[in-house]
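Below are the chains, spelled out letter by letter.
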Amino acid sequence: MTMSEKARYIRFKLGSEVSYGRLEGEVVKVLEGDLFASARETGQSVAYDAVTLLPPSEPSKVIAVGLNYRSHLRDRPEPEYPGLFAKFPSSLIGHGQPIVIPADAKEVHYEGELVVVIGKETRNVSIGQAHEHVFGVTAGNDVSERNWQRNDLQWVRAKGSDTFGPVGPAIVTGVDYSNLALETRLNGEVRQSTRTQDLIFGVDTLVSFISRYLTLKPGDLIFTGTPGSTQAMRPGDEVEVELEKVGILRNSIVATER
């Protein structure tokens, strides 16, 4: 399988087993081996509704980009270069898993985003080479606690708390990620709507820029930025991020038990 092939891949749990799979309609073709190098079908198939979806890759790092849509800048000047920050792999959850609001969090917002999945080791690549290193794309929600974002020394709590990184439901390969529709809904109401052609710094530019400083590994994720305005989520809410050709990433909001 190559990065140019059109396919949908998921990472899932069935019983105690964690596997990758290729999704065909409502059937999952179970894979073995490295999804990014040598995955092959086992011959086993399972029903899509029988599996628990996990974050669709296991990244060594999760890089995110801030202020990357003009609609999100408000009165701030357009940036000269991508503004980067990091989330933690431990913040990631899959489609259908709950976003847990910490007890002392006061203002937790959704941020619907296009997320890039790296397909091979990437270091110092040009913008023209960058597409060769993109395995595919998925949807993401860069959950953010605004008070901590404003007041903490760094965004460790604000962006990296457990469950603050929903991604999924699938990685889709072989699509033109430069012009996909992106929509975020809170309790069914549209709150964000854009196309990825409106990114200030497009995917290939981001991959090239980040690779100047960080060696990206297969499975690493890049959250590319959120459009428009965001609002707080409350326990009992449900947030959906829909990315064209990828599908809907849906997560409920719950309060912490501690």
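Up top is the structure.
Residues numbered from 1 in each chain as written. Predicted model: local features only at pLDDT ≥ 70, side-chain atom pairs only at ≥ 80, totals over all residues. Heavy atoms only, no water.

So, the overall build of the chain
Inference 1: Counting secondary structure elements, the chain contains five helices and 19 strands.
Inference 2: The C-alpha radius of gyration computed for the chain amounts to 17 Å, which stays within 12% of the reference 18 Å derived for 258 residues, consistent with globular compactness.
Inference 3: C-alpha extents for the chain along the principal axes are approximately 50 × 45 × 30 Å.
Inference 4: Across the 258 residues that make up the chain, the buried fraction comes to 52%.
Inference 5: Here the chain has roughly 11600 Å² of accessible surface; of this, 47% comes from carbon and sulfur atoms.
Inference 6: Both charge centroids of the chain, one from 28 positive and one from 34 negative side chains, sit 2 Å from each other. (Helix = DSSP H or I, 4+ residues; strand = E, 2+ residues; numbered from the N terminus. Rg over C-alpha atoms; globule rule 2.2 N^0.38 Å. Buried < 20%, exposed > 50% of the residue type's maximum accessible area, 1.4 Å probe, protein only. Areas by Shrake-Rupley, 256 points an atom, 1.4 Å probe, with all protein chains shown as cover. Lys, Arg positive; Asp, Glu negative; His and termini not counted. Charge placed at Lys NZ, Arg CZ, Asp CG, Glu CD.)

Describing the environment of Val203
Inference 1: Checked against the element boundaries, Val203 lands in helix H5 (residues 203-211).
Inference 2: The spatial distance from the C-alpha of Val203 to the C-alpha of Gln154 is 25 Å, given a sequence separation of 49 residues.
Inference 3: Not counting residues within four places of it along the chain, the set of residues in contact with Val203 comprises Leu114, Val116, Val134, Tyr177 and Thr224. (Contact = heavy atoms within 4.5 Å.)

A short note on H5
Inference 1: Where burial is concerned, most of H5 is hidden: seven out of the nine residues are buried.
Inference 2: Contact partners of the buried residues in H5: strand S6 (62-66), strand S7 (83-87), strand S11 (112-118), helix H2 (127-130), strand S12 (134-141) and strand S17 (221-223).

What to know about the pattern of salt bridges
Side chains that differ in sign of charge can pair as their charged atoms come close.
Inference 1: One pass over the full model with this rule turns up 21 salt bridges.
Inference 2: Glu111 is the partner of Lys159 in a salt bridge, and the nearest nitrogen-oxygen pair spans 3.4 Å. Of this pair, Lys159 sits in helix H4 (residues 156-160) while Glu111 sits in the loop between strand S10 (108-109) and S11, and the two are 48 residues apart along the sequence. Exposure class is identical for Lys159 and Glu111. Each is buried.
Inference 3: Each of Glu183, Arg185, Glu238, Glu240, Glu242 and Arg250 takes part in one network of salt bridges that share partners. (Salt bridge = Lys/Arg side-chain N within 4 Å of Asp/Glu carboxyl O.)

A short note on the sheet that holds strand S18 (residues 238-243)
Inference 1: What the five strands build is an open sheet, ordered S9-S19-S18-S15-S16; its pairing is mixed. Lying at the two open borders of the sheet, with one neighbouring strand each, are strand S9 (99-101) and strand S16 (189-195). Sheet twist, expressed as the average angle between the axes of neighbouring strands with direction ignored, equals 20°.
Inference 2: Relative to S16, strand S15 (residues 181-186) runs antiparallel, the two being bridged by six bridges. (Pairing = 2+ DSSP bridges. Axes fitted to C-alpha atoms, helices over the stretch in contact; angles between N-to-C directions.)

Structural notes on the environment of Lys87
Inference 1: Locating Lys87 in the fold gives a position in strand S7.
Inference 2: Sequence separation of Lys87 and Ser229 is 142 residues, and the distance between their C-alpha atoms is 21 Å.
Inference 3: In this view, Lys87 contacts Val62, Ala64, Asp142, Val143, Lys159, Phe164, Gly165 and Phe223; residues no more than four positions away in its chain are not counted.
Inference 4: A polar side-chain atom of Lys87 sits 2.6 Å from the main-chain carbonyl oxygen of Lys159.
Inference 5: A polar contact of 2.9 Å, which involves the side chain of Lys87, links it to the backbone oxygen of Phe164. (Polar contact = N/O pair within 3.5 Å; in protein donor to acceptor, adjacent residues only side chain to side chain.)

Concerning the packing of aromatic side chains
Inference 1: Taken as a whole, this structure holds five aromatic pairs when the rule is applied.
Inference 2: When the ring of Tyr9 is compared with that of Phe135, the centres are 5.7 Å apart and the planes differ by 40°; the resulting orientation is tilted. Placement of the pair is Tyr9 in strand S1 (residues 7-14) and Phe135 in strand S12, with a sequence separation of 126 residues.
Inference 3: Among the residues examined, Phe135 registers a relative accessible area of 5% and is labelled buried.
Inference 4: Note on Phe209 and Tyr213: the rings are 5.3 Å apart at their centroids and 70° apart in plane angle, and the pair reads as edge-to-face.
Inference 5: Here the aromatic cluster, defined as three or more aromatic residues joined through ring pairs, consists of Tyr9, Phe36 and Phe135.
Inference 6: Of note, Lys87 hangs over the ring of Phe223, and the distance from its end group to the ring centre comes to 5.8 Å. (Phe/Tyr/Trp six-rings, centres within 6.5 Å; stacked < 30°, edge-to-face > 60°. Lys NZ or Arg CZ within 6 Å of the ring centre and 35° of its normal.)

Observations regarding the pairing of S11
Inference 1: Summarising burial for S11: seven of the seven residues are buried, a large majority.
Inference 2: On S11, burial covers both faces: Gly112, Leu114, Val116 and Ile118 on one face and Glu113, Val115 and Val117 on the other are all buried.
Inference 3: Pairing between S11 and S12: seven bridges, direction antiparallel. Within the sheet, the bridge partner assigned to Val116 lies in S12 and is Val137.
Inference 4: Relative to S17, S11 runs antiparallel, the two sharing three bridges. The residue bridging Val117 from the neighbouring strand is Leu221, located in S17.

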